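# A look at the structure
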Amino acid sequence: VRVGTLPRAKTLVSPLPGPTNRAAMSGGHLSKDFFELIKSIGECKSKQEEDKILAAEVATLRQRFTEQLSPKKMKEAVVRMMYAEMLGHNADFGHIHAVNMSQQTNLIAKRVGYLASTVCLHSGHELTTLLVNTMRRDLKSTNHVEVCATLVAIPKLVNLETLPALMDPVCALLDHPSEVVRKKAVMALHRFCQLQPSSAADLSEKLRRVLCDKDPAVMGASLYILHEGAEADPKAHKDLVPSYVSILKQITEHRLPSSFDYHRMPAPWIQIKLLKLMATLGTADQRASEGMYEVLLDVLRRADTGINIGYAIIYEAVRTITAIFPNIQLLETAASHISRFVSSDNHNLKYLGIKALAGIVQVNQKYALEHQLVVVDCLEDPDETLKRKTLDLLYRMTNAGNVVFVVDKLISHLRETSDDAFRASLTERITQLAERYAPDNSWFIRTMNGVFELGGELVRPDVAHNLMRLIAEGSGEDDEADMALRRFAAATYYSMLDRPILPDILVCVICWVLGEYGYLIGGGVALEDVVDKLVDAVERQFDAPSTRCWVVVAITKLVAQLGAMPAQVAEVCGKYKQSSQVLLSKYCSELEGLAAEVGTMHAALPTDASCEDLEVDPALGFLDAYVAEALSRGAQPYLAPGERPDELDVGGSISAAGGAHGGGGGGGGHGLRFDEYEKQQAPSQILAPPPAAAPTNGAPVAAPLGSGLNVSGVRSVWGAEGFKAAEPAAPPPPPQPGYGGGGYAYGGGGGGGGGGGGSEVPHVRGALEALLKPERLRGADQYYCDRCACKVDAERGVSFRRLPRVLAIQLKRFRCAPPLTSPAASHSPALLTAATDTHRQTQRCSASFRSAQIMLSCLWCAFASSPPPHSLL
């Protein structure tokens, strides 16, 4: 591939006559008022002042767009509208004018229209559809400036719906004679591929031809589409590796025009994009990578010029070297170049050096170990971002040979730093390195003690459990070495109890180790001395309440080894047995109980038995004697869920009740129901009027309601007076006058209006009829009609559009007595007598129970044709 050269000078637009051209370039086509607007906004000293000016400008524009404006004034109005939108003020009333201006034949007006549409509209805007035909027409224009204006607007305004209409015209411009048009066409195709990735396969051959374009700018624009395609499907682009290598070689040899140089560096952005492409295609491919080695060495050599753009190319080249198939010479050269980054005084270069070294370490650690001291010094940098990146690099550089040095440096930084986030990262890294590369167990214990002491609450609980497990299990290879480790741990933690401040997690580890292996301390330290220190430790101030429980458990283990409870331990038990912390109180009670049975205590807490396996009896055979003794005294035997009687089978009772009430399937088994209920069906009938004559006491109901409530054959045993027993009931009280909203028992018509009379309703059907009875509004209660603008006679009432599946009825015992705001209880003798007659054997009958009975009876009547069972009534 040969990259051509750009013409040295080329006029893109024919110059207009002198005065007009100068006026257009200087903004002479805009009014003085517009420049005053720009000046006043620039001189604003607050956002409120700026908003006030722009709000007035938007109001002026709204009025101006309604007038008949000349082309010059319309162009200025669109520019002002665009300026207001850019500053965050809504001027959507002018969007249509920007679209109209893009359809004009005047070149400047068209460019202003496209620019305003690009700034104010988005791809999903409804007005973008109006621009499709205009764009298609302008893409075929002979004026390449008009074509370029269209191509600039397309990437912002195109969407999935308009993409098919614009695809072919844009692809045809790849062969346009103007290199500027070809470049912008490639940029538009890039946007098409982002919106519809499947279209990249159809454009593959065209993009390969664009890669060989004689203009470097067009070629460079195509690299972005090809890079995205290579990331999606590397195998399909492997054959382009030689072309990329050839282009990169020509660029480094300064074969491109000097107009592409930046600080004497030839086409740096094209070089960086080519390096990224090569890194993508050379990953895990030795054959493709071997063709890149030479040009990568040349890039590293030529980019080392001591300027920032050269450093950027070196960094990208190092990333490419670490991504492709490794080469020893390239890795050594890359490490030598990056070392200057790390040792630089520039924080940005240090950061790049740390990131590049992290990539080299992933390939081979030995190329970065010689820079270990320089990397450690970066931890002292005040830049927090650099310190975190350095911490990640040190973590990757650590191995079994340098773990002691690296961990010591990290612990020293943990001791000095105060940033919580950095301390948490250091704690996590030190813990992982110590667990992975510890040279011996003693070093690991010392290191973890330092981490516990410095990190405190930042250390995860599982780290402490891992340490305790190591002490308990040891290496498993040498019993003598494991016992020596336990002695060392016990002696170390016994001496640490004298420190005034200890984190909770470290106290937990100390208590566990001393409780298990306190007898191994030696050096004249007896168990009584360990118990005394632990008793003193109980009185410490802890962050977590559970920490004191660890101390009590350790004392319990030592008391089992002593065989008797010292006086100070008994004092601790007496003090904390009444603690509000349930767990602490439980442990103290257990300690007192076990101390009274020394033999049981020895059996429950044997010495050095933390690693012994416990035998679990799933059948709980040790309780057989206890169960047999209880049965002999007359206790009931245990019944499995399937063997229990109905009165004990709660789950079965619930299922049966649900089935009886129409709940649907679900089985009669135990537990909850997880299948869905049947969909409710609204009744198609409406309420029928009640019969003329009320049924007599105890007589069956003559006809059911039309709502689907089947009450035929059901005795009317509940009424306004309560339960109607077979024997004669007390005569009801005389009717009382109704005061609006008296509910079912006192008129209750119209949902709280004037009521439907003062007499009590004798049955449920009458209550429903009273509820649905319309209320006439006359005289002072006339209804104010908005349409008539006066008060008129009207009727107000309640009607049911569809009936519910369940009818719930409540028994109300209150009426509104004058004044209306003071409700009065109705102590009706009939209600009290009925309640007494219904539950003679129970003196604690309540109105809520009667309400529940009414609701159950009505529910049964709604879903069954036969009378409800006596258990429901």
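Residues numbered from 1 in each chain as written. Predicted model: local features only at pLDDT ≥ 70, side-chain atom pairs only at ≥ 80, totals over all residues. Heavy atoms only, no water.

### Section: the overall build of the protein chain
To be explicit about the condition: Where helices and strands are cited, they refer to DSSP runs of H or I of at least four residues and of E of at least two residues respectively, numbered from the N terminus. Exposure is judged per residue with a 1.4 Å probe applied to protein chains only, and the accessible area is read against the type maximum: over 50% gives exposed, under 20% gives buried, and values in between give partly exposed. By the convention used here, residues are in contact when the closest approach between their heavy atoms is within 4.5 Å.
For the protein chain, the helix and strand inventory stands at 39 helices and ten strands. Here the protein chain holds 873 residues, and the buried ones make up 42% of them. A fraction of 61% describes how many contacts in the protein chain between residues 6 or more apart in sequence connect residues 24 or more apart.

### Describing the packing of aromatic side chains
Rule in force here: Ring pairs shown here join Phe, Tyr and Trp side chains whose ring centres sit within 6.5 Å, with only the six-membered ring taken for Trp; geometry is labelled stacked below 30 degrees between planes, edge-to-face above 60, and tilted in between. In this scheme, the term charge over a ring applies when either NZ of a lysine or CZ of an arginine sits within 6 Å of the ring centre and within 35 degrees of the ring normal.
Under the defined criterion, the tally for this structure stands at five aromatic pairs. Ring geometry for Y311 versus F341: centroids 5.2 Å apart, planes at 75 degrees, classification edge-to-face. Note that Y311 is positioned in helix 18 (residues 308-323) and F341 in helix 19 (residues 328-342), a separation of 30 residues in sequence. Since its relative accessible area comes to 18%, Y311 is described here as buried. Classification of F341 as buried rests on a relative accessible area of 3%. Directly above the ring of F422 sits K387, whose terminal nitrogen or CZ lies 4.8 Å from the centroid.

### Notes on the pattern of salt bridges
Under the convention used in this document: Take a side-chain nitrogen of Lys or Arg and a carboxyl oxygen of Asp or Glu: if they are within 4 Å of each other, that pair is a salt bridge.
Overall, the coordinates contain 32 salt bridges when judged by the stated rule. Measuring nitrogen to oxygen at the nearest pair gives 3.3 Å for the salt bridge that ties R80 to D33. Of this pair, R80 sits in helix 4 (residues 71-86) while D33 is found in helix 2 (residues 32-42), placing the two residues 47 residues apart along the sequence. With its nearest N and O atoms 3.7 Å apart, the salt bridge here joins E384 to R388. Residue E384 and its partner R388 are both found in helix 23 (residues 384-397); the two are separated by four residues, about one turn of the helix. Judged by its relative accessible area of 31%, R388 is partly exposed. The network of salt bridges with shared partners includes D33, E57, E76 and R80.

### Structural notes on the nonpolar core
The cut-off we apply is this: Among the buried residues, those of types Ala, Val, Leu, Ile, Met, Phe, Trp, Tyr and Cys that are joined through side-chain atoms within 4.5 Å form a nonpolar core.
Judged by nonpolar contacts, the single largest core of 171 residues is most densely connected at L151, I154, Y244, F452, Y493 and L534. Take this core: its biggest share by element is ten residues, from helix 29 (residues 504-517). Those residues within four positions of F452 in sequence are excluded, and the remaining contacts are V459, V463, A464, L467, P503, I505, L506 and V509. Formed by 21 residues, the second largest nonpolar core is a distinct cluster that contains F34, V58, M101 and A116.

### Quick look at the side chain of K273
The test is simple: The positive count covers Lys and Arg only, the negative count covers Asp and Glu only, and His and the chain ends enter neither.
Checked against the element boundaries, K273 lands in helix 15 (residues 268-282). Comment: no salt bridge for buried K273; closest opposite-charge side chain is E231, at 7.0 Å.

### With respect to the packing of helix 27 (residues 461-473) against helix 29
Under the convention used in this document: Orientation is described by axes fitted as lines to C-alpha atoms, over the contacting stretch for helices, and by angles from 0 to 180 degrees between their N-to-C directions. By definition in this entry, angles of less than 35 degrees are roughly parallel, angles greater than 145 are roughly antiparallel, angles of 65 to 115 are roughly perpendicular, and the rest are oblique. Crossing handedness is defined as follows: a turn of the near helix away from the far one that is anticlockwise and smaller than a right angle gives a left-handed crossing, while the clockwise case is right-handed. When residues are grouped by polarity, Ala, Val, Leu, Ile, Met, Phe, Trp, Tyr, Cys and Pro land in nonpolar, Asp, Glu, Lys and Arg in charged, and all others, Gly among them, in polar.
With their axes 10 Å apart at the nearest point, helix 27 and helix 29 run at an angle of 20 degrees to one another. Between helix 27 and helix 29, the crossing angle belongs to the class labelled roughly parallel. As helix 27 runs across helix 29, the sense of the crossing is right-handed. Note on element contacts: helix 29 touches helix 27 through I505, V509, W512, V513 and Y517, opposite P461, A464, L467, M468, I471 and A472. Looking at the contact of helix 27 with helix 29 residue by residue, the class counts come to eleven nonpolar, no polar and no charged.

### Some details on the side chain of N159
Cut-off, in case you're wondering: Nitrogen and oxygen atoms within 3.5 Å of one another constitute a polar contact, given that in protein one can donate a hydrogen and the other can accept it, and given that sequence-neighbouring residues count only through two side-chain atoms.
By the element assignment, N159 lies in the loop between helix 8 (144-157) and helix 9 (163-172). Relative accessible area serves as the criterion here: at 15%, N159 is assigned to the buried category. Within the structure, the side chain of N159 is placed 3.1 Å from the backbone nitrogen of E161, a separation counted as a polar contact. Setting aside anything within four residues of it in sequence, one finds N159 in contact with S123, T128 and L195.

### Section: helix 10 (residues 179-195)
Because each turn of an α-helix spans 3.6 residues, side chains separated by three or four positions in sequence point in the same direction. What counts, and what does not: Helix span, as expected, comes to 1.5 Å for every residue beyond the first.
End to end, helix 10 covers 25 Å across 17 residues, agreeing with the expected 24 Å (1.5 Å per residue, within 8%). Residues E179, V181, R182, A185, V186, A188, L189, H190, F192 and C193 constitute the buried set of helix 10. Tucked inside the fold, the buried residues of helix 10 contact helix 8, helix 9, helix 11 (199-202), helix 12 (204-211) and helix 13 (216-232).

### Focus on the packing of helix 26 (residues 441-455) against helix 27
Angle between the axes and distance between the axes are the two parameters that describe a pair of packed helices. Running from amino to carboxyl end, helix 26 crosses helix 27 at an angle of 150 degrees, the nearest separation of the two axes being 11 Å. By the angle between their directions, the pair helix 26 and helix 27 is classed as roughly antiparallel. Judged by the sense of rotation from one axis to the other, the crossing of helix 26 with helix 27 is left-handed. Facing N441, F444, I445, M448, N449 and F452 of helix 26, the residues of helix 27 in contact are V463, A464, L467, L470 and I471. For the contact of helix 26 with helix 27, the class distribution of residues is nine nonpolar, two polar and no charged.

### Details of unusual backbone geometry
Backbone geometry places H254, a non-glycine residue, at a positive phi of 60 degrees. When you line up the elements, H254 lands in the loop between helix 14 (241-252) and strand 1 (261-262). On the basis of relative accessibility, which here comes to 45%, the residue H254 falls in the partly exposed class. The phi dihedral of A284 is positive, around 55 degrees, even though this residue is not glycine. Within the secondary structure layout, A284 lies in the loop between helix 15 and helix 16 (286-290).

### Focus on the confidence of the model for the protein chain
Rule in force here: Scored from 0 to 100, pLDDT records how confident the predictor is in each individual residue.
Per-residue confidence for the protein chain gives a mean pLDDT of 79; residues scoring 70 or more make up 76%. Long-range and interchain partners of residues 647-669, a stretch whose pLDDT sits below 50, account for 20 contacts in this model, where long-range means more than four residues apart. Below pLDDT 50 for its whole length, residues 818-873 participates in 78 contacts with residues either more than four positions away or in separate chains.

### Some remarks on helix 7 (residues 132-139)
In plain terms, the rule: Read the arc as the range of directions from the helix axis to the C-beta atoms.
Along helix 7, the residues that are buried comprise V132, T134, M135, D138 and L139. Mapping the buried residues of helix 7 onto a view down its axis gives an arc of 160 degrees, with all of them on the same face. Buried residues belonging to helix 7 abut helix 6 (107-120), helix 8 and helix 9.

### Focus on a nonpolar patch on the surface
For clarity, the threshold we go by: Grouping into patches uses exposed residues only, defined as over 30% relative accessible area, and leaves out salt-bridged ones; the cut-off is 9 Å for like charges and 5 Å for nonpolar side chains (Val, Leu, Ile, Met, Phe, Trp, Tyr). Using the Shrake-Rupley algorithm and a 1.4 Å probe, accessible areas are obtained, with residue cover drawn only from the displayed protein chains.
A contiguous nonpolar surface patch, about 600 Å² in accessible area, is contributed by L620, F622, L623, Y626, V627 and L631. Inspection of the secondary structure assignment puts V627 in helix 35 (residues 624-632). Exposure remark for V627: the relative accessible area of 40% places this residue in the partly exposed category.

### Regarding the environment of V509
Tracing the chain through its elements places V509 in helix 29. In this structure V509 comes out as buried when scored by relative accessible area, which is 1%. Remark: the alpha-carbon pair of V509 and A464, spanning 45 residues in sequence, is separated by 6.6 Å. Here V509 is in contact with F452, A464, L467, M468 and Y493, once residues within four sequence places are set aside.

### Some points on the environment of C588
Relative to the helices and strands, C588 is located in helix 33 (residues 582-596). Of the residues examined, C588 reaches a relative accessible area of 0% and is grouped as buried. Setting aside chain neighbours within four positions, we find C588 in contact with V552, V572, C573, Y576 and K577.

### Concerning the environment of K73
As for its placement among the helices and strands, K73 is situated in helix 4. K73 sits in the exposed class, given a relative accessible area of 54%.

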